[in-house]
Amino acid sequence: MDQKVDKLKALDVITILLMAAAVGMVFFYAPMERIMGYVQKVFYFHVSSAWVGMLSFVVAAAAGGVFLRTGNKKWDIVSFAAVEIGIVFAILAIITGSIWARPIWNTWWTWDPRLTTTAIMTLVYIAYLMLRKGIDDPAKRARFGAVYVIIGALSVPLTFLSIRIFRTIHPVVIAAPGATSAAFDMSAKMLQTFLFSLFVFSVLYIDLLWHRVKLGRLQDDVEQLKIASEG
Amino acid sequence: MKAMLAVVWKDLKAEMRSREVISAMLIFALLVVLIFNFALELEAGTRASITSGVLWATFTFAGTLGLNRSMAQENDRGCMDGLLMAPVDRSAIYMGKVIGNLVFMVAVEIVVIPVFSLLYNVNLINAGLILVVLLGSIGYIAVGTLLASMAVQTRTRDMLLPILLFPVVIPLIVAAVKASSGFIQALPMAEIQPWLNLLIVYDVVFLTVAWMVFDFVVEE
């Protein structure tokens, strides 16, 4: 057990150093984009946040599936942790995206497939939390959570598809140039910064997930003790 | 199979006696149409795209009502416990509930669609639209029954179902609205086809998944 704590502490330090390096790269290494200027730099962490948000959803659904299969509580703890962390990163992605969009597209929001799907995914996450909040029995809570996160995860790709078809047949009225993608050519330095940011955020995700799972285990222990003392 | 039909028969019989669920859904649906009339200032020559949107919004909200009542009854009257004690496959219970809920929803739709046609002078009685309404209802009820079974077992009960259901059912609503308006406007089949395909995919995926996981939702 002590070994694990040491490993986690080491990971914490590594994560902090990597983040510092990433921030440094974004501001000092990556060149300034000619047309967009400073605001383009949001893109590196914005895409990384979105990536973690979606990855987390997949992890949550997979863990939920394994939980239903095996009945082993630890998978439910992982699933719950993944949803919580996913919400944070999904919301960060939306906020950073809006910050980028306002000067570039002259709007805080558009209903394009990626944005809309991310927003809906966040709503599914939040619904998951509300579902869990409303159940007192731990076993039932874990089962229902797993069922819902699987249903939710299946619906998200279909949502994306439906809005994609929607947009293809009815093109966006506010036709900003390169409206649905960050359409600029990345120089080599930009690409390196971008890939590094993705990597750093993934490491950050693992670090946060590990901490959250530990916390989840403690929460579960406390709950078991409460139930035992009442019963 | 027999168990499934028995569950359907039970639900229909109970409903025939009290008519609680269908009447509540029906009145609610008509009231929603009324509210949309003022909210959107609809008039007789209403555009087809708005028509299908209002129609599906109505069905979505009324459907929630029906699902809540239907599953809450199971919980409150201890019916679910009784069903679970019987030596039947859980999936048969699920399919039985789905078919029962679907009958209620279709019954409401059968009234709302002609009424809407009359109120807004738009002919909604065409085969394509009926098909879309059916496909959409199937998907909605498939997911809705599963999620309602979970929602009624929580503390927040009725309030939770829309929160759980609406984000998940969005692809279905998008496809249903676009396909409906396609048929109302008599667009070429090629334009409507992607939406019909999406509806079918949604129905198949969620019927299958819900049928598989229903066990976990009702076990003790």
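Sequence order as written defines the numbering, with residues in each chain counted from 1. Chain labels run from A onward and ligand labels from 1 onward, assigned in the order the entries are written. Owing to the predicted nature of the model, reporting of local features is limited to residues with pLDDT of at least 70; listing and counting of side-chain atom pairs is limited to 80 or more, with chain, interface and lining totals taken over all residues.

Runs of E in the DSSP output that reach at least two residues are strands. Runs of H or I that reach at least four are helices, and both are numbered from the N terminus. Across its full length, chain A holds 6 helices and 0 strands. Oriented by its inertia axes, the alpha-carbon framework of chain A measures out at about 65 × 45 × 25 Å. Within chain A, the fraction of its 231 residues that count as buried is 32%. Contact between residues is assigned whenever the C-beta positions, reconstructed from backbone atoms, fall within 7 Å. Contacts in chain A between residues far apart in sequence, at least 24 positions, make up 81% of those at least 6 positions apart. Neighbour density around each residue's C-beta defines its exposure: 20 or more other C-beta atoms within 10 Å make it buried, 12 or fewer make it exposed, and counts between make it partly exposed, where C-beta atoms are placed from the backbone.

What follows covers the packing of helix α3 (residues 73-105) of chain A against helix α4 (residues 113-133) of chain A. Residue and element names in this part refer to chain A. Here an axis means a line fitted to C-alpha atoms, over the contact stretch when the element is a helix, while the angle between two N-to-C directions is reported on a 0 to 180 degree scale. Where α3 meets α4, the axes come as close as 10 Å, and the angle between the chain directions of the two elements is 150°. Accordingly, the angle class assigned to the pair α3 and α4 is roughly antiparallel. In this structure, the crossing between α3 and α4 has a hand that is left-handed. Across the interface between the two elements, V83, G86, I87, A90, I91, A93, I94 and G97 of α3 pack against L115, T118, A119, M121, T122, Y125, I126, Y128 and L129 of α4. When an angle is under 35 degrees it counts as roughly parallel; over 145 it counts as roughly antiparallel; between 65 and 115 it counts as roughly perpendicular; any other value is oblique. Crossings are sorted by hand: turned counterclockwise from the far helix by less than a right angle, the near helix makes the crossing left-handed, and turned clockwise it makes it right-handed.

Low pLDDT means the predicted coordinates in that region are not meant to be read closely. The quantity called pLDDT is the predictor's confidence in a given residue, expressed from 0 to 100. On average, residues of chain A score 86 in pLDDT, and 91% of them are at 70 or above. Below a pLDDT of 50 lies the segment residues 172-183 of chain A, which in the model reaches 13 contacts outside its immediate sequence neighbourhood of four places, other chains included.

Further remarks concern the interface of chain B and chain A. With 25 residues of chain B in contact, the opposing surface of chain A contributes 27 residues. Those elements that place two or more of their residues in the side of chain B that touches chain A are α6 (127-151), α7 (160-184) and α8 (189-218) of chain B. The dominant element in the side of chain B that touches chain A, judged by the number of residues it contributes, is α7 of chain B, at 10 residues. All amino acids are sorted into three groups, where Ala, Val, Leu, Ile, Met, Phe, Trp, Tyr, Cys and Pro are nonpolar, Asp, Glu, Lys and Arg are charged, and the leftover types, Gly among them, are polar. Here the side of chain B that touches chain A is built from residues that sort into 19 nonpolar, 3 polar and 3 charged.

Each packed pair of helices is defined by two parameters, the angle between the axes and the distance between the axes. All names here are of chain A. Put simply, helix α1 (residues 2-29) and helix α6 (residues 188-230) touch, their axes get as near as 9 Å, and they point 155° apart. In terms of orientation, α1 lies roughly antiparallel with respect to α6. Two packed elements cross with a definite hand, and for α1 against α6 that hand is left-handed. Each of L8, L11, D12, T15, L18, M19, A22, M25, V26 and Y29 in α1 lies in contact with α6, whose residues at this interface are K189, T193, F196, S197, V200, V203, L204, D207 and W210.

Here the focus is unusual backbone geometry. Unlike most non-glycine residues, N106 of chain A shows phi in positive territory, near 65°. Within the secondary structure, N106 of chain A sits in the loop between α3 and α4. The class for N106 of chain A is exposed, based on 9 C-beta atoms found within 10 Å. In the Ramachandran plot, R157 of chain B falls in the positive-phi region, its phi being about 40° despite a non-glycine side chain. With respect to the helices and strands, R157 of chain B occurs in the loop between α6 and α7. The class for R157 of chain B is partly exposed, based on 16 C-beta atoms found within 10 Å.

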